[in-house]
Amino acid sequence: MAVPGLFGLVLLFVVLAITQQVRISRLRRQLSGQIGMLAALEVLKPALPDEQKGWQERRRAPRWPFDQRVTVKAMVEGNEVVLYGRIIDISELGLGAVISGSLKRGEAVSLEFSTGPGNPTLYLAGVIRCVRGFRHGFEFAGLSVGQSDSLRGCVAELATAAQ
């Protein structure tokens, strides 16, 4: 009677050890992506206002520095890919972000982020317009009136704070 009980205990231990190894592998992947993103963010800090004097702005709407988490969902080779990152700057028409993977220019994505503490999460459609390593430029697509108003309010707050 003791041998089957011991066998069951060993089997249970093996199953638990394997599940722990799987969890550790997932956490290591997530951590390495976050460490890489932190290194990229350090390099991609926005320039100081004094350094920006004389730069020519080619955007249709001015962008403002903005630090917020973003979730990007895209279809890559028929599979939905979810990437996490940080927004660097934002405007009424788009945003710049560093994300944990690289996507192709022209791909349609969905973006999920908050415009600040206490504000609801926005779920927006977008198109990738620029890719430089892990840094991506997104243009918003098909905004509703409510989404446009939320973005306009956020940008107005940032513009006021910058002055």
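Heads up: the structure comes first, above all this text.
Bear in mind the structure is a predicted one, so any value in this text is a computation, not a measurement. Residue positions within a chain follow its written sequence, with the count starting from 1. Local features in this predicted model are restricted to residues whose pLDDT is 70 or higher, and side-chain atom pairs enter the listing and the counts only when it is 80 or higher, whereas totals over whole chains, interfaces and linings include all residues. Each side-chain value is worked out from all heavy atoms of the structure, with water and hydrogens disregarded.

Q: Explain the sheet that holds strand 2 (residues 79-90) to me, and be specific about the residues and the numbers.
A: Reading around the barrel, the six strands line up as 1-2-3-6-5-4 and close back on themselves, with antiparallel pairing between neighbours. Taken over all neighbouring pairs, the strand axes of this sheet differ in orientation by 45° on average, direction set aside. In this analysis, strands are considered paired if DSSP registers two or more bridges between them. Numbering goes from the N terminus for both helices and strands, where a helix is a DSSP run of H or I of at least four residues and a strand is a run of E of at least two. As defined by bridge partners, strand 1 (residues 64-76) adjoins strand 2 across eleven bridges and the pair is classed as antiparallel. Residue pairing in the sheet places methionine 75 in a bridge with glutamate 80 of strand 2. Lines are fitted to the C-alpha atoms to define the axes, a helix being fitted only along its stretch in contact, and any angle between axes, read from their N-to-C directions, falls within 0 to 180 degrees.

Q: Which residues make up the packing of aromatic side chains, and what values go with them?
A: Two aromatic rings from Phe, Tyr or Trp, using only the six-membered ring of Trp, form a pair when their centres are within 6.5 Å; if the ring planes differ by under 30 degrees the pair is stacked, by over 60 it is edge-to-face, and anything between is tilted. A complete count under the given rule lists one aromatic pair for this structure. Ring centres of phenylalanine 113 and phenylalanine 140 lie 6.4 Å apart, and the angle between their planes is 20°; on these two criteria the pair is classed as stacked. Of this pair, phenylalanine 113 sits in strand 4 (residues 108-114) while phenylalanine 140 sits in strand 6 (residues 135-141), and the two are 27 residues apart along the sequence. Residues phenylalanine 113 and phenylalanine 140 agree in their burial class; the two are buried. Throughout this description, buried means an accessible area under 20% of the type-specific maximum (1.4 Å probe, protein chains only), exposed means over 50%, and partly exposed covers the range between.

Q: Tell me what's going on with the pairing of strand 3 (residues 94-99), and back it up with residues and numbers.
A: In terms of residue burial, strand 3 counts as a mostly covered element, since six of its six residues are buried. Neither face of strand 3 is open: one carries Gly94, Gly96 and Val98, the other Leu95, Ala97 and Ile99, and all of them are buried. Two strands pair when backbone bridges link them, and strand 2 and strand 3 are joined in this way by five bridges, in the antiparallel orientation. Bridging across to strand 3, arginine 86 finds its partner in valine 98. The hairpin turn running from strand 2 into strand 3, its antiparallel successor, is three residues long.

Q: Give a detailed account of the side chain of serine 114, specifying residues and quantitative values.
A: Within the secondary structure layout, serine 114 lies in strand 4. In what follows, a contact means two residues having at least one pair of non-hydrogen atoms within 4.5 Å. Once residues within four sequence positions are removed from consideration, serine 114 is found in contact with Phe66, Gln68, Asn119, Pro120 and Thr121.

Q: A description of the pattern of salt bridges should follow, citing residues and the corresponding values.
A: The term salt bridge refers to a side-chain nitrogen of Lys or Arg lying within 4 Å of a carboxyl oxygen of Asp or Glu. This model, assessed by the stated rule, comprises six salt bridges. The partner of aspartate 67 in a salt bridge is arginine 86, with the nearest N and O atoms 3.0 Å apart. Of this pair, aspartate 67 sits in strand 1 while arginine 86 sits in strand 2; the two residues are 19 residues apart in sequence, bridging distant segments of the chain. Classification of aspartate 67 by relative accessible area gives exposed; the value is 53%. Counted as one network, the salt bridges with shared partners bring together Arg63, Asp89 and Arg135.

Q: Describe unusual backbone geometry, and please don't skip the residues or the numbers.
A: Leave glycine aside and you will find that most residues have negative phi; peptide bonds, for their part, are mostly trans. Even without glycine at this site, glutamate 77 takes up a positive phi of about 55°. Its location among the elements puts glutamate 77 in the loop between strand 1 and strand 2. By relative accessible area, glutamate 77 is classed as exposed at 78%.

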